[in-house]
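Tertiary structure, described
The residues making up each chain are set out below.
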Amino acid sequence: MTPNSLLSLIFLTFIITISTPANSSYSLSTVAVTLTPNYTLICALIPNTTTRESYINCSTFPSTAHSPIVSARPFSAIIGGNRFLCGLRHQSASNDSLICWRFSENGTLIAQKRKHLGPRLSELQSGHSRLCAVLSDSRQLWCWEKPRCIPPGNRNYSSIAVGDSFLCWLSEDSKIECYGPPDLTVVPTGNFSVLAAGSRHACAIRGSNGSVECWGEPAGDAPPDQFESLALGEGRSCGIRSHNGTVVCWGEGDFRLPEDLRHTYFTEIEAKGKVFCGIGVADSSLICWGNESFGAHTIVFDKVLPGPCCRDPCPCKAMPGYSSFCATGAICERCPSPDDGGVRPPALPPVQPPASPPVQTPASRPASPPASPPASPPAPTETPSRSGGSRGKVAFLVVGSVGCFMGLATIAYFLLSRYCTNPVHSSRVHDSGRLDEEAAVVEPPQTAATPTARRLARLQSMQPHLERRLSALLSSGINGNVEEFPLDVILRITNNFSDDYRIGAGSFGSVYRATLYDGREVAVKRAELTASSSYAVGIGTKREEKEYAFLSELAILSRVNHKNLLRLIGYSDEENERVLIYEFMPNGTLHDHLHKLESSPLLSWVARLKVALDAARGVEYLHSYSVPQIIHRDIKSSNILLDDTWTAKVSDFGLSLIGPDPVDDSDHISQRAAGTVGYMDPEYYRLQQLTTKSDVYSFGVVMLELLTGFKAIHRVEPNSAPRNVVDFAVPFIVSDEIHHILDRRLPPPTPQEIEAVVFVGYLAADCVSLQGRDRPSMTEVVNSMERALAACLVQPSMSRSTTGSST
C-alpha cells in the first residue's frame, strides 16, 4: 500500500465515520433465543440494581423444573442459536472473552467452552448454527465453525447479518454485500442502514426513508412503514416502527403480532426460528410470542437489561435512567432517521431508586406514550437540537473531531507504513470448532487458521474416514467440567517441568506430579516429540502421533464419565505445548504391582479379581454406553491405574478411535494397526480391521498377566528368547493344568478361590481367541468376572460356562 493510497483510505474512512455514525451497541443484544429439538430456551441479562451488573438467566419452554444457566459472573451481551448460547464478557478496556454453552435435546447443559479471548468485539450475530463477530478496532470478521464459504477479506465489516448458509454486511458506502448461495447474493441496490437475517432470507432498512426490502426466500410482503429495527426467523419477520416504537409482524401462515401487543412499545426485538421476543419500553420486561408454548404471548422475565452498556460514547444520546443499569458506560438509543418526524415514547420509564417500576402486563400498559421523564444523569453524548446555539456547538465538536482525527491519522500512517507489509494478528482465539454438528460456518477471512483448526485439518488429511470422526467429536466442544489452564500455571505448579516433579513417562511423554492452587493433587502429562514410542505401528510422524494422542484424549476424556475411567481435569494448549491434567492416582499402575514391586496389596486372588472387574467395567462403558462408541486400542496393565482406595481406572486414550460409523453396514473400521506389542490383536494386525473385539483380546492378555505374574512379552531367563504370555499360558489352561502357571508370589488358592481362578483362566483363553467372533463381548466379560469374584467371597458351586461369542 502506497502512502498516498493509505492517506486516501484514512480520509475516506473519516468522512464515512462522521457522515454515518454507527451504533455498535445495537449489534450486541441482551436477549437470546436457543432452540433444541424438544425445548426453547429464552435467556436474558438480568440487571442487579445494587452492583449495576447483569447476569444470565434462562427459562425453558415448555417449562421444566430446572433452569439451565444462571451465571455467577456478569456478562455484557448474549447470543443464541441451535443448541448453543454464548455470552460476551469485558475482560479489560481492550479485551473481550466469549464463553459458549451447548445443550442437549431436552435443554440440559452439556458443555462449556471459551471461544475467544482477545481484542474487543463490537458486533455479535448468529444463525441457527453459525456465530460471527467483528473485531472492534480492525473491523475484521471472525467466525466460528468449519467454513463452507469464505467471504472477501479486504473489507471493513459492519452491520453483519448471519443466516443458515449466508453472510451479509454493509459496505463502507452503505451498500449491501452478501456471500453464500446465489439466490441470497442478489441484493437490493441503494444505501441501507440496518441489516437482519433469518434462516433463508434477509431484510434491510433503506437509509433514505426507513422502508424495508427483503430477498432470498421471504414469506409475505413487508408493510409500507418506516422501521428502525428488524428481527427475522424462519419465514417470519418483525420490525419496530421508527415513528412510535410499536411492532408489526408478517410472514408465512399469515403470521401477525398478537392483538394485545399492538400498542406495546418495544426497545429491542430478537428472533430465532418461530420464536420472537421483545423488551418492553414501559418496564423492561421480556415478552415472547410466535411459539405454541407461549400461547398468544408470555412475559418470560419481569425485568431485563434493556440494551447493552456501551463502553464508547453514544453517537446520538443515551437512554434516560441508564445509570441504574450500567456500572460503566451507557445504554445508547438508536439515532433517529432523517425522516423520523413522529413522536417516540421514552426509552425507559423515570427511574426512582431504590424501588423498581411495577411490572405491568401488556394489556395494562398505556395506549399512548407516557409523559416525558424528569432529567436523567447526563449522557456521554446528547442529541443535538435544531437551535442556532446547538449548531455552533456541533460545528465546534466537528472541527475538534477533525483535528483529533487527523492527529490520529498521522500516527496511523507511520504505524501502518511500518507494519503493513507484515500483518500479524496478536489476538488469541480459542476455537473448538463447530457449535452445531449439522451445519458449517464462515471462518475469519484471510486469517491464519487457529491452532485447533489446523490440527483438525491435519487429522482429516491423515486418515479421512477416521480422523474426520475424531475431529467432529473434538469440535463439538469441550465439556464444562474440563478446565483450560494457562501455560504459566502449568509451569508454576511443575517448577518449569522440573525433573524433581517427574514421576514417569509413556508413549505420549513425561508425567509430573503437581498440586493445583486449590490443593488438588494432579498428574500432568506433557507431550514430548522426542519421547520413544512403544506403538507397534504408528499413524504418521512422531509429531503427528503426539498431536493425535493429545486430541484423542482431550476429545474422548472430556466426554466420558465413569468411575473406572481416569478423569481428565484440564488441559493446556499454548505456545506449542500440549499438556493434559488428570486426577492423581497415588497407587500407580497395575503393571508396577505385577512386575516391579516386591510387596503389594495385590498379592491376593480376591484383590486381583476385583482390579480385573474394575478395568473390565471401564472398557465395557467405552464399548456399550459411550455415544459414540469408543475403541481404546491400547489396553495394557500399564494403562490401568489404581487410586487411593485401590479402585482400578483405565487410562491413556491417545490411540483410541471412535467405533464403526453407524451409517456403515460394516461392524469394523479399516485402520492400520496400532497398539503395544504383546497386547495387540493378531487378527487386527493381519487384516487391519478394527472392532471392539480387539480391545477384548488386549484385556485377555491383562487377565493372563494377573493370573501368571508374567509380562505380556517376557524372558524366562536373562538370555533366553522372548516369550508371549498367551503362547505360554493358554495351553495349560485348556488342558485343565492352570495350577502350573499361577503366580508363585501369591498363596495357593483356597478351595473357594480355585474354582473362580479356573473360571477366569478359561475366560482369558476365550478373550485371546485368534478370531474375533469367538471372543466374548466386554459385557459378557464383566458378567463373568462378577460371578468369579462372587465365587471367591461366598463359595457358590461353579462350572465353566461358555462365554459365547458376539459379532
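Report follows, based on the coordinates. (Residues numbered from 1 in each chain as written. Predicted model: local features only at pLDDT ≥ 70, side-chain atom pairs only at ≥ 80, totals over all residues. Heavy atoms only, no water.)

**Thoughts on the sheet that holds strand β16 (residues 212-216)**
- One open sheet holds the three strands; their spatial order is β14-β15-β16, and the pairing between them is antiparallel. The open sheet is flanked by β14 (192-197) and β16, the only strands paired with a single partner. Strand after strand, the sheet turns through a mean of 20° between neighbouring axes, direction not considered.
- Of the pairings in the sheet, the one linking strand β15 (residues 201-206) to β16 comprises five bridges and is antiparallel in character. Within β16, the residue paired with Cys203 across the bridge is Cys214. (Pairing = 2+ DSSP bridges. Helix = DSSP H or I, 4+ residues; strand = E, 2+ residues; numbered from the N terminus. Axes fitted to C-alpha atoms, helices over the stretch in contact; angles between N-to-C directions.)

**Describing the state of the cysteines**
- Using the criterion set out here, one finds eight disulfides in the structure.
- The disulfide partner of Cys43 is Cys58, and the gap between their sulfur atoms is 2.0 Å. Handedness of the Cys43-Cys58 disulfide follows from its S-S torsion of about 110°: it is right-handed. Separated by 15 residues along the polypeptide, Cys43 in strand β2 (residues 40-48) and Cys58 in strand β3 (residues 53-61) bring together distant segments of the chain. Taken individually, Cys43 and Cys58 each receive the classification buried, so the pair is uniform in this respect.
- Here Cys238 connects covalently by a disulfide to Cys249, the sulfurs 2.0 Å from one another. Judged by the torsion about the S-S bond (105°), the Cys238/Cys249 disulfide is right-handed. Taken together, the positions of Cys238 in strand β18 (residues 236-241) and Cys249 in strand β19 (residues 247-251) put the pair 11 residues apart, joining distant regions of the chain.
- Overall, the relative accessible area of 3% leaves Cys249 in the buried class.
- Of all cysteine sulfurs in the structure, the one in Cys332 sits closest to Cys310, which takes part in no disulfide; the separation is 4.2 Å. (Disulfide = S-S within 2.5 Å. Buried < 20%, exposed > 50% of the residue type's maximum accessible area, 1.4 Å probe, protein only.)

**A short note on the environment of Ala196**
- Note that Ala196 resides in strand β14.
- A C-alpha to C-alpha distance of 9.3 Å links Ala196 and Trp169, two positions 27 residues apart in sequence.
- Among all residues touching Ala196, those that are not within four sequence positions of it are Ala161, Ala202, Cys203, Leu230 and Leu232. (Contact = heavy atoms within 4.5 Å.)

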